[in-house]
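Architecture at a glance
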Amino acid sequence: IWSLAGKQNRSEGKIYLEKKNKYRVETDPQLIVTDGTIVWTFSKDREQVIIDALSKSKENPLPRDILLKYTKDSRAVLLGETQLGGTPCYQIKFQPKDEDSFIIPTTVWVSKSNWLAIQIEQEDLNENITRYFLENIKVNSPLSDSLFSFQIPASVEVVDLR
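Since the model is a prediction, treat every value here as computed from it, not as a measurement.

1. A word on the overall build of the protein
Counting its regular elements, the protein contains one helix and 11 strands. Written out in order from the N terminus, the α and β elements of the protein read β-β-β-β-β-α-β-β-β-β-β-β. For the protein, the share of sequence-separated contacts (at least 6 apart) that also reach a separation of at least 24 residues comes to 33%. As displayed, the protein has an accessible area near 11500 Å², and 51% of this comes from carbon and sulfur atoms.

Following this line, the structure appears as C-alpha cells:
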C-alpha cells in the first residue's frame, strides 16, 4: 500500500527454501534463484538476468537472514491472540531497536497450531505498508535440485556482477 499515492499493488508468487542457502522466489515480474553459491535474478519485463555471488548479494538477502534480523535488531512484544482467516494466531510486533531504521514496526502473525508465520506486515518511514500472506506452506517436502539452478535464455541481457 503506497501511502502518498493512495494506491495498492498486489503480487503473488511462490518461495521454495532448501538447506545450504538454496532458495527460489517466483513472482510475475521476476525470478530469483540461488544454488547456495550463485544468485540469478531474472527480470521478465526487462529481459535481463543479473548474476551475483550469494555472499555479496545485498539486494537479495537470504530468507532466513530476514527472519533472524527481526529477532536480533528488534524488541518483540506479544500483542495477543487473534484469528487470521479462521486460523488462531499469536500476533507479535517487532519494534526496531535502532530509532533511525527505515522499517518502523513489523508485525507477524504466527499460527498457534504449527508455529509458522502466516502473515508479515511492515511499515516504513513513509507510512507505506507491505503485507506478506503465506499460504499452502509445506514443511520437509522433497524438492528437486533443478528448482535451485537457472538456465539463462539466449535472448536476454546478462549482467554478471561476480
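2. Considerations on the pairing of strand β3 (residues 30–34)
For β3, the buried fraction is high: four of the five residues fall into the buried class. Relative to β3, strand β2 (residues 22–27) runs antiparallel, the two sharing four bridges. Note that in β3 the partner of Tyr23 across the bridge is Thr34. Between β2 and β3, which pair antiparallel and follow one another directly, the connecting turn spans two residues. Of the strand pairs in this sheet, β3 and strand β4 (residues 38–43) are connected by five bridges, and their pairing is antiparallel. Residue pairing in the sheet places Leu31 in a bridge with Phe42 of β4. Taken together, β3 and the strand that follows it, β4, pair antiparallel across an intervening segment of three residues, in which Gly36 is found at a positive phi of about 100°.

3. Observations concerning the pattern of salt bridges
Evaluated as defined, the whole model comprises five salt bridges. The shortest N-O distance in the salt bridge between Glu81 and Lys112 comes to 2.6 Å. Taken together, the positions of Glu81 in strand β6 (residues 74–84) and Lys112 in the loop between β8 (103–111) and β9 (117–124) put the pair 31 residues apart, joining distant regions of the chain.

4. As for the sheet that holds strand β11 (residues 157–160)
Read from one edge to the other, the open sheet built from six strands follows the order β1-β2-β3-β4-β5-β11, with strand pairing classed as mixed. Bordering the open sheet on either side are β1 (13–18) and β11, each of which pairs with just one other strand. Each adjacent strand pair in this sheet contributes to an overall mean axis angle of 10°, direction not counted.

Each value, and the rule that gives it
Residues numbered from 1 in each chain as written. Predicted model: local features only at pLDDT ≥ 70, side-chain atom pairs only at ≥ 80, totals over all residues. Heavy atoms only, no water. Helix = DSSP H or I, 4+ residues; strand = E, 2+ residues; numbered from the N terminus. Contact = heavy atoms within 4.5 Å. Areas by Shrake-Rupley, 256 points an atom, 1.4 Å probe, with all protein chains shown as cover. Buried < 20%, exposed > 50% of the residue type's maximum accessible area, 1.4 Å probe, protein only. Pairing = 2+ DSSP bridges. Salt bridge = Lys/Arg side-chain N within 4 Å of Asp/Glu carboxyl O. Axes fitted to C-alpha atoms, helices over the stretch in contact; angles between N-to-C directions.

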